[in-house]
Amino acid sequence: MAHLLLIDDDVALVPEQVKQAFAAPTHRVDIAHTGAAGLAQIANDPPDVILLDVRLPDQSGLDVYLQIKALDARIPVIFITMTKGAELAIEAMKLGAFEYLFKPLNLNELRRVVGEAVEVSRRMRQPAVMAQELPADDVDGAIVGGCAAMLDVYKSIGRVAAQDVPVLITGESGTGKELVARAVYQHGARSKGPFLALNCAAIPENLLESELFGHEKGAFTGADRRRIGKFEQCNGGTLFLDEIGDMPIALQAKILRLIQEQEFERVGGGETVRTDVRLIAATHRDLKAWSEEGKFRADLYYRLGVFTIRLPALRERDGDVATLVHFYVRKFSQELGRDIREISPEAMARLSAYSWPGNIRELQSVLKQALLRASGPTLLDSFLPELAPSAATPAEASGSSTGGFPLDELIAERLTPEMANLYAEVHGLVDRVLLARVLEHTNGNQHQAAKILGIARQTLRMKLRDLGLQVTHAVESSDEG
Ligand SMILES: Nc1ncnc2c1ncn2[C@@H]1O[C@H](COP(=O)(O)OP(=O)(O)OP(=O)(O)O)[C@@H](O)[C@H]1O
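Keep in mind it's a predicted model, so treat the numbers as computed, not measured. (Residues numbered from 1 in each chain as written. Predicted model: local features only at pLDDT ≥ 70, side-chain atom pairs only at ≥ 80, totals over all residues.)

### Details of the sheet that holds strand E10 (residues 238-242)
The five strands lie next to each other as E9-E10-E13-E8-E14, forming an open sheet whose pairing is parallel. Edge positions in the sheet fall to strand E9 (195-199) and strand E14 (308-310), since each of these pairs with one other strand and no more. This sheet shows a mean twist of 15° between the axes of neighbouring strands, independent of strand direction. Summarising the sheet, E9 and E10 pair through five bridges and their orientation is parallel. Each bridged residue has a counterpart across the sheet, and for Asn-199 the counterpart in E10 is Asp-242. (Pairing = 2+ DSSP bridges. Helix = DSSP H or I, 4+ residues; strand = E, 2+ residues; numbered from the N terminus. Axes fitted to C-alpha atoms, helices over the stretch in contact; angles between N-to-C directions.)

### Details of the site of the ligand
Near the ligand you find 19 residues, and of these Val-144, Ser-173, Gly-176, Lys-177 and Glu-178 are the closest. Counting residues per element, the ones that place at least two in the shell around the ligand are strand E7 (143-144), helix H7 (177-186) and helix H15 (359-373). By residue class, the composition of the shell around the ligand is five nonpolar, nine polar and five charged. Residues from two domains meet in the shell around the ligand; each of domain 2 (148-311) and domain 3 (314-384) gives at least three. (Near = placed C-beta within 6 Å. Nonpolar A, V, L, I, M, F, W, Y, C, P; charged D, E, K, R; others polar. Domains from an automatic or database assignment.)

### Comments concerning the packing of helix H2 (residues 35-44) against helix H3 (residues 61-71)
The interhelical angle for the contact between H2 and H3, taken along N-to-C directions, is 10°, at an axis separation of 10 Å. Relative to H3, H2 is oriented roughly parallel. For the pair H2 and H3, the crossing hand works out as right-handed. For the pair H2 and H3, contact is made by Gly-35, Gly-38, Leu-39, Ile-42 and Ala-43 and by Asp-63, Val-64, Gln-67, Ile-68 and Leu-71, respectively. Of the residues belonging to the contact of H2 with H3, the class tally is six nonpolar, three polar and one charged. (Parallel < 35°, antiparallel > 145°, perpendicular 65-115°, else oblique. Left-handed = near helix turned anticlockwise from the far one by under 90°. Contact = placed C-beta atoms within 7 Å.)

### Things to note about the nonpolar core
With 105 residues, the main nonpolar core has Val-77, Ile-78, Phe-79 and Val-180 as its most contacted residues. Broken down by element, the residue count for this core peaks at seven residues, all from H15. Look past the residues within four positions of Phe-79 in its chain and what remains in contact with it is Leu-52, Val-54, Gly-61, Ala-89, Ala-92, Ala-97 and Tyr-100. Ranked by size, the runner-up nonpolar core spans twelve residues in total, among them Leu-435, Ala-449, Leu-460 and Leu-464. (Core = buried A, V, L, I, M, F, W, Y, C linked by C-beta atoms within 7 Å. Buried ≥ 20, exposed ≤ 12 C-beta atoms within 10 Å, placed from the backbone.)

### Some details on the UniProt feature "domain: Response regulatory" (unreviewed entry) in the protein chain
In this numbering, the UniProt entry assigns the feature "domain: Response regulatory" (unreviewed entry) to residues 3-118. Taken end to end, residues 3-118 has its terminal C-alpha atoms 9 Å apart, with 44% of it in helix and 22% in strand. (UniProt positions renumbered as here; feature names shortened; annotations may be inferred.)

### Some remarks on the domain arrangement of the protein chain
Assigned domains within the protein chain: domain 1 (2-125), domain 2 (148-311), domain 3 (314-384) and domain 4 (416-481). On a C-alpha basis, the centres of domain 2 and domain 3 stand 33 Å from each other. Counting residues at the interface gives seven residues for domain 2 and nine residues for domain 3. For the side of domain 2 that touches domain 3, a count of residues per class yields two nonpolar, four polar and one charged.

### Regarding the packing of helix H6 (residues 148-161) against H7
At their nearest, the axes of H6 and H7 sit 8 Å apart, and the two run at 40° to each other. If you check the angle between H6 and H7, you find them oblique. Of the two possible hands of crossing, H6 and H7 adopt the one that is right-handed. Along the contact surface, H6 presents Val-153, Ile-157, Val-160 and Ala-161, while H7 presents Val-180, Ala-183 and Val-184. Residue composition of the contact of H6 with H7, by class: seven nonpolar, no polar and no charged.

### Focus on unusual backbone geometry
Between Ala-24 and Pro-25 the backbone carries a cis peptide bond, its omega angle lying at 5°. Within the secondary structure, Pro-25 is located in the loop between helix H1 (13-21) and strand E2 (27-32). Residue Pro-104 is bonded to the preceding Lys-103 through a cis peptide linkage, with omega at -5°. Looking at the secondary structure, you find Pro-104 in the loop between strand E5 (99-102) and helix H5 (107-125). Here Trp-356, not a glycine, exhibits a phi torsion of approximately 50°, which is positive. Note on placement: Trp-356 falls in the loop between helix H14 (345-353) and H15. The backbone of Asn-359 shows a phi angle near 55°, a positive value even though the residue is not glycine. Checked against the element boundaries, Asn-359 lands in helix H15. According to the C-beta neighbour criterion, Asn-359 is buried, with 23 such atoms within 10 Å.

Shown next as structure tokens:
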């Protein structure tokens, strides 16, 4: 459950909207009407995310924000402002505020921004546990694995975390690079500061520079206000740049300068901004090979790669598949209201023999599907989807229904009082079938597939990633990954 605190002197509209947007049981909303009352609540019972009105009866929102930062610099604070208060909200972002929203609140935007903030908050607070064996059942988000290669990873995390140097994390998609970045952050000297993350491959190239470095008003068409970028917002903290290999080469020079001098200019601005950010970067690409081919700046590679943590693919982790299967079967059983207590030897044999091109993310996806089909206390081999050599063409792709069970039957079964995420669950299942089918049709060509689907290629990539699907055949261009 996400815990939100709204600090706003409005007693009617804004509280009503926030309560409407974030209902129980997935959210809890506390409300304070003055800065002092809000601060007292934060000290008593720190929320995951704070929504803070710029204008309060007893003190300015900015003063309250500074006091919140002193209490705990990690809690994401979202300012709520009238259009004319935007300057102050932008000032607050320079000091690390998460985002600002205009009154009257747009509920969709509110949900999106708060959702992102809850995720950011979770990343900072959820303890990064490294578990060599099956961890206790209340441990969430652990790095599970006791094979020799993972023990080396834990050692590397321990060695580098306390040094304030950049870290490069490499490994195939779904191997846990983000988890490792979080562990480096949490065991480092900046663990009380913010931890922000940005996926370079998920943001259109023309917006990435502004996301990272911010822009000045009028820097480009549509830049109607100054925007504070992640490097400025994250001052004193740690920034995780995922898929740094996908960053346009022109932008790489700016990152290099940032690492070397901790300074930069906002897009369209002449003012040099100083910041103090620890960079953790990750990529599934071979950056050394890319730098030799001129696709990645060699000087940036050398600078970033001084300390590299290489995550092994799941197929290289002897014995860890079984522990991970137990870990996720237990977790998903709880989430999906199933009561699976054991895994049949046949099912475990098939899971252990599979090559997992999509790594742990694929393992999660397969187990979720299996649990949705499961009944009784044992996870049988027959509940598993087909583990195809190409994971972009799972069993469902060859049937007209979602893997042998009609959708409406599934929905009917899942309509229980405790159900909370049915939309995501059903869409995940449909996406898995749809994307696999279309990619099969285009022989793995993501460009064509995105066109057929009518979605952006970046969206397609993110969906494939989230579903743990790998496109293992015929890819149209060398930058397709
Ligand atoms: N060793 C592990 N133990 C338990 N869960 C793991 C482990 N490694 C990864 N996961 C889980 O697998 C999923 C994918 O991990 P993560 O996002 O860190 O991978 P990634 O390497 O960053 O992937 P991508 O390159 O696609 O972004 C997450 O839900 C993560 O919690």
